[in-house]
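Fold and geometry: a report
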Amino acid sequence: MIVKLVIKRLFLALVTLLVVSAFIYWTTAILPGDVAARVLGRESTPAQRALFDKQMHLDQPVPVRYAIWLNGVVHGDFGRSLASQLSVSGIVAPALSNTLLLGLYALVLYVPISVLLAALSAVFRGRPLDAGITIVTLVGLSLPEFALGTLLLIAFAVIWPVLPAMATIEQVQGPLDFLRTAALPALTLTIAMSVYAVRMLRDNLIDVLNSDYVRMATLNGLPRRRIVLRHALPNALGPALNITALNLAYLIGGVVVVENVFAYPGVGTLLVNSISVRDAPVIEAATLIVSGVYILANLIADVAAMLLNPRLRTS
Amino acid sequence: MKAKWRLLPPLVVIGAMAVPASNVARGVYATRAGLAPDGIVASTGSRVNVSSCVKIGGIEDSGQKNSLDPANQPSSQNSLMVNAMYNRLMDLDSNFAPHPELATDWSSNKAGTVWTFHLRHGVTFSDGHPFTSADVVWTFRRLIDPAVKSEAAATLTFLNAAGIIAQDPYTVVFKTQKPVSELPVAISTKNTYIVENGYTTAKLRTGGVGTGPFIPVKFQPVQQVHLFVKNPHYWEAGLPKAPCLAFYVIQEATTRNAALDSGQIDVAQQVDFSTLPALQRDSHIRLLKTGASTSMTLPMWVDTPPFKDNRVREALKLVVNRQQMINTVLLGQGEAGDDNPIPPSSPYAWRHQAQQQDIPRAKKLLAAAGYGPNHPLKVDLYTAEMIPGAVNMAQVYKQMAALAGVQVNVIVGPASEYWDNVWLKHPFEMSGWNARPPNEALTIAYGCKAAYPETHWCVPGYDALIAKATSTVDAAARRNLYQQAAKMLSLQGGEIIPVFVYTIAAERVQCTGYTPRVQLYRGDYRYVHCSG
């Protein structure tokens with residue numbers, strides 16, 4: 001029965017992806033600005049532009065172009081970049097793997113930081129430490145990633161220059177060098193994500209710490225640390241799983257701004273450049289993949305929640 | 001059982017990301033950039049470490065459009081790389097005077113229709129092939145070839161394929177239908193770098209070879225760093241000074257400054273003048289300024305009321321206090337303009353001072369044109385931040401115009417759409433032009449056949465002056481004609497040109513030898529080198 005539910009969810013996810021792909025294609029197609037003029041330059045002649053339009057099927061109506069494109073995508077061919085005639089998958093794949101790597105790094109930092117801050121905040125509730133952490137998380141919540149990234153840049157690359165300003169990850173000499181080079185963008189993403197998790201986890205943990213079985217454990221004489229780590233925390237983590245899944249999706253989306261600040265060569269930078277040159281195939285492929293990751297993350301969160309909580313298994 | 005289920009989703013995702021992680025661990029990224037894991041430049045076999053390269057931080061990323069084909073330059077970053085590996089026949093200095101590069105000397109017939117260039121001996125391309133006239137002929141013929149779709153074709157309309165002749169291996173002759181008195185300047189643009197005979201567009205894209213001071217290493221369009229090594233057989237003795245170059249793009253100004261300060265890059269192609277105060281206090285950085293470079297302008301349509309009346313145009317020029325505009329908008333980093341595209345400091349300027357503000361005279365002119373306190377002149381000014389400082393300039397202009405009773409309504413749009421959707425479409429808006437030689441500057445936006453008629457200026461007398469200048473071989477007489485044309489624009493034209501910006505580059509104090517040029521595409525890296 002669970003398998004049927006999962007398959008149904010998967011099917012819905014695919015339908016969502018299809019609708020999203022149509023929407024992406026349509027919005028890219030109606031972007032203002034003459035693609036031919038953008039690609040060939042302002043000084044191109046009308047004859048050159050007409051030839052370009054014909055070669056790129058830009059003179060066909062949008063639904064026809066969408067059908068051609070979708071046919072290609074289903075066969076794994078995302079087409080050729082308008083700006084450069086290179087294969088789109090050849091351009092998007094390395095950028096995507098760079099971004100996923102950054103995402104992984106941010107995620108690995110995010111888990112211990114959120115848990116630690118939330119635990120400290122909950123255990124020392126009402127004390128100065130809790131107040132301090134709350135203030136920091138609220139400020140972090142209100143700052144856009146651009147401001148956060150720039151602040152971290154100034155702090156750790158200018159005032160106290162321990163980390164590189166530009167994330168030159170194509171020159172790294174090994175894993176440790178990568179950790180240092182990508183530290184600032186990863187830290188920006190981590191802070192941007194963890195502020196939400198810290199708030200939620202803290203509230204959950206406080207509830208759990210007030211529950212009967214924790215009171216029972218305290219009365220039985222168990223040490224505080226053991227209660228928090230072995231009994232309270234695992235139970236508080238459950239709902240935080242959902243927010244982690246959403247944060248994963250946010251990672252890929254919010255990464256555009258962060259990559260631009262640190263000149264990190266990922267999907268974000270690729271999207272910004274492709275949009276400014278109106279390179280529609282690359283924009284469509286990159287956006288579709290990002291949407292796919294978002295939908296997949298939500299799917300995993302839904303399925304995990306269903307597996308954990310029998311009450312959510314409606315048919 | 002349940003506890004294990006909880007861990008499954010995050011583990012699945014982390015597992016999916018483990019593949020790129022292991023790639024890094026194996027140094028795959030390093031290899032893709034042309035570096036072996038220990039920093040040796042693999043493809044040329046020379047033991048050069050990236051940290052010994054002069055690292056240049058550019059401002060504009062053309063991403064997948066990057067190419068080693070000079071025929072089309074999608075961004076200034078691409079132009080810098082083309083500059084590093086190719087040469088032209090002549091190099092232009094900051095006053096657009098030609099100097100010998102691959103051509104040693106040149107002359108024309110009396111009419112200016114036949115130009116003969118003698119080429120330098122002993123120059124080789126980086127693949128060993130010797131440089132001869134065949135390469136020059138191939139280069140220029142492909143620039144005007146419609147199949148190549150070069151952006152240079154629009155400014156090389158005076159050439160035709162049959163008129164580009166290799167007289168002997170070291171002599172090229174250009175024959176034109178009509179006289180072109182400044183052909184050497186006209187054939188030295190950002191696209192006219194000499195490529196090897198037989199190299200087609202497809203081959204040049206990533207596999208171009210040049211005669212220039214540097215050689216590309218495993219060039220791919222989308223790379224974070226583009227590496228170039230010193231050309232050991234470069235024809236100028238003792239140059240280049242740097243062992244290698246590494247080109248980066250850092251679009252965010254704060255990051256670029258931080259990277260320069262910490263030594264991640266050695267030279268920043270351009271710095272935002274708004275960050276100047278911080279940079280001037282930085283002891284690790286030296287600022288380098290050019291002379292008058294990009295202009296910032298306010299074109300008005302001379303065929304549309306209220307700008308049709310020259311008294312209105314003159315009044316709108318007289319309200320500007322140009323030095324004050326430079327001080328407030330450009331923080332002092334600019335030169336006052338004189339309402340024509342030639343800066344007053346240029347030897348081609350008709351007068352070497354800019355129009356001064358004169359509010360009483362502006363009011364008188366407006367009154368004569370029918371405007372006054374009861375019937376004020378109201379205009380809409382379209383702008384965007386498509387050039388740094390443009391929006392501020394519009395606001396300052398509005399305040400200056402208000403002194404004469406003119407009400408300016410500033411309409412700000414998004415910068416990324418400006419050139420596509422706003423420019424050339426409104427009677428009063430803002431624009432800007434890169435530094436150009438006088439003939440190009442006076443014709444690109446002015447005249448009945450201008451490619452970009454910003455002011456709808458079409459006056460037969462003006463076109464006649466330009467046509468005469470184009471065919472006047474005597475330099476002094478030609479300058480006089482340009483000056484007359486520029487004077488016409490200053491006094492009657494529709495374009496208010498209050499300022500020319502200084503381009504400001506920066507280098508670390510441990511580096512020396514870099515001089516920025518007013519032509520933004522011309523990055524000259526022959527002399528730059530860094531210690532430590």
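Source: prediction; values computed, not measured.

When helices and strands are counted, chain A shows 13 helices and zero strands. Walking chain A from its N terminus toward its C terminus, one meets helices and strands in the order α-α-α-α-α-α-α-α-α-α-α-α-α. Here the C-alpha coordinates of chain A stretch approximately 85 × 60 × 35 Å along the principal axes. Sorting the 315 residues of chain A into buried and exposed places 39% on the buried side.

Here we come to the overall build of chain B. The helix and strand tally for chain B stands at 16 helices and 19 strands. Dimensions of chain B along its principal axes, counting C-alpha atoms only, are 85 × 80 × 45 Å. Split into buried and exposed, the 532 residues of chain B put 51% on the buried side. Put simply, of all contacts in chain B between residues at least 6 apart along the chain, 68% involve residues at least 24 apart.

Once that is clear, we can look at the domain arrangement of chain A. All names here are of chain A. As assigned here, chain A comprises domain 1 (2–74) and domain 2 (89–314). One C-alpha centre belongs to domain 1, the other to domain 2; they are set 32 Å apart. In this assembly, 19 residues from domain 1 lie in contact with 15 residues from domain 2. Within the residue set of the side of domain 1 that touches domain 2, elements represented by two or more residues are α1 (2–29) and α2 (35–40). Ranked by residues supplied to the side of domain 1 that touches domain 2, first place goes to α1 with 13 residues.

To continue, consider the packing of helix α5 (residues 88–123) of chain A against helix α9 (residues 183–209) of chain A. Residue and element names in this part refer to chain A. In contact at an axis separation of 7 Å, α5 and α9 are set at 35° when each is read in the N-to-C sense. In terms of crossing hand, the pair formed by α5 and α9 is right-handed. Partitioned by chemical class, the residues of the contact of α5 with α9 number 22 nonpolar, four polar and one charged.

In this section: unusual backbone geometry. Residue and element names in this part refer to chain B. In this chain, Leu239 is followed by Pro240 through a cis amide linkage whose omega measures -5°. Within the secondary structure, Pro240 is located in the loop between β9 (226–230) and β10 (244–249). The amide bond that connects Pro305 to the next residue, Pro306, takes the cis arrangement and shows omega of 0°. The phi dihedral of Leu424 is positive, around 70°, even though this residue is not glycine. Position of Leu424 relative to the elements: it lies in the loop between α13 (418–422) and β16 (431–433). Not every positive phi belongs to a glycine, and His456 is a case in point at roughly 55°. With respect to the helices and strands, the residue His456 is situated in the loop between α14 (438–443) and α15 (460–471). Taking the C-beta count within 10 Å as the criterion, His456 has 19 such neighbours and is therefore assigned partly exposed.

Looking now at the pairing of strand β12 (residues 285–299) of chain B. Residues and elements named next belong to chain B. Pairing between β12 and strand β17 (residues 495–508): 10 bridges, direction antiparallel. If you follow Ala292 over to β17, its bridge partner there is Tyr502. Across three bridges, the pairing between β12 and β16 is antiparallel. By the bridge assignment, Ser295 is partnered in β16 with Trp433.

If you look at the biggest cluster of nonpolar residues, it comprises 209 residues, and the most contacted ones within it are Val54(B), Phe228(B), Leu245(B) and Val319(B). Residue contacts for Val54(B): discarding those within four places in its chain leaves Ala242(B), Leu245(B), Asp266(B), Val267(B), Cys511(B), Tyr525(B), Val528(B), His529(B) and Cys530(B).

On to the environment of Leu92(B), then. All names here are of chain B. For Leu92, the location among the structural elements is in strand β2 (residues 90–92). Classification of Leu92 as buried rests on a count of 21 C-beta atoms within 10 Å. When the C-alpha atoms of Leu92 and Ser188 are compared, they prove to be 7.2 Å apart, with 96 residues separating the residues in sequence. Among residues more than four places away in sequence, those in contact with Leu92 are Ala97, Pro98, Val185, Ser188 and Gln519.

Right, let's get into the confidence of the model for chain A. In this model, chain A carries an average pLDDT of 83, and 93% of its residues clear a pLDDT of 70 or more. Averaged pLDDT values for the elements of chain A fall to 70 in α2(A) and rise to 92 in helix α7 (residues 145–159) of chain A.

All names here are of chain B. The four strands are arranged β4-β5-β7-β6 in an open sheet whose pairing can be described as antiparallel. The open sheet is flanked by β4 (103–108) and β6 (164–168), the only strands paired with a single partner. Direction aside, neighbouring strands of the sheet carry axes that sit 20° apart on average. Examined bridge by bridge, strand β5 (residues 114–119) and strand β7 (residues 171–175) share five bridges and lie antiparallel to one another. In the strand pairing of β7, Val114 is matched with Lys175. Along the sheet, helix α4 (residues 133–143) contacts β5, β6 and β7; its crossing angle with β6, the most-contacted strand, is approximately 180°.

This part covers the pairing of strand β15 (residues 407–412) of chain B. Where strand β14 (residues 378–383) of chain B meets β15(B), six bridges bridge the pair, whose relative direction is parallel. In the sheet register, Asp380(B) faces β15(B), and the bridge partner there is Asn409(B).

All names here are of chain B. Burial of helix α7 (residues 253–262) is extensive: seven of the 10 residues sit out of reach of the surface. Regarding α7, the residues found buried are Thr255, Arg256, Asn257, Ala258, Ala259, Leu260 and Asp261. Phi turns positive, to about 90°, at Gly263, one or two residues after α7.

Any two packed helices are characterised by the angle at which their axes cross and by the distance between the axes. All names here are of chain A. Packing of α5 against helix α6 (residues 128–142) brings their axes to within 8 Å, and their N-to-C directions diverge by 135°. By the angle class used here, α5 and α6 are oblique. The interaxial crossing formed by α5 with α6 has left-handed handedness. The residues of α6 that touch α5, namely those facing Leu117, Leu120 and Ser121, are Leu129, Asp130, Ile133 and Thr134.

All names here are of chain B. Across chain B, the average pLDDT comes to 89, with 91% of residues at 70 or higher. When the criterion is pLDDT under 50, residues 25–46 qualifies, and its contacts beyond four places in sequence or with other chains add up to 47 contacts. Interface confidence in the predicted complex, given as ipTM, is 0.82; pTM for the same model is 0.85.

So, how was this worked out
Residues numbered from 1 in each chain as written. Chains lettered and ligands numbered in written order. Predicted model: local features only at pLDDT ≥ 70, side-chain atom pairs only at ≥ 80, totals over all residues. Helix = DSSP H or I, 4+ residues; strand = E, 2+ residues; numbered from the N terminus. Buried ≥ 20, exposed ≤ 12 C-beta atoms within 10 Å, placed from the backbone. Contact = placed C-beta atoms within 7 Å. Domains from an automatic or database assignment. Axes fitted to C-alpha atoms, helices over the stretch in contact; angles between N-to-C directions. Left-handed = near helix turned anticlockwise from the far one by under 90°. Nonpolar A, V, L, I, M, F, W, Y, C, P; charged D, E, K, R; others polar. Pairing = 2+ DSSP bridges. Core = buried A, V, L, I, M, F, W, Y, C linked by C-beta atoms within 7 Å. pLDDT = per-residue confidence, 0-100. Parallel < 35°, antiparallel > 145°, perpendicular 65-115°, else oblique.

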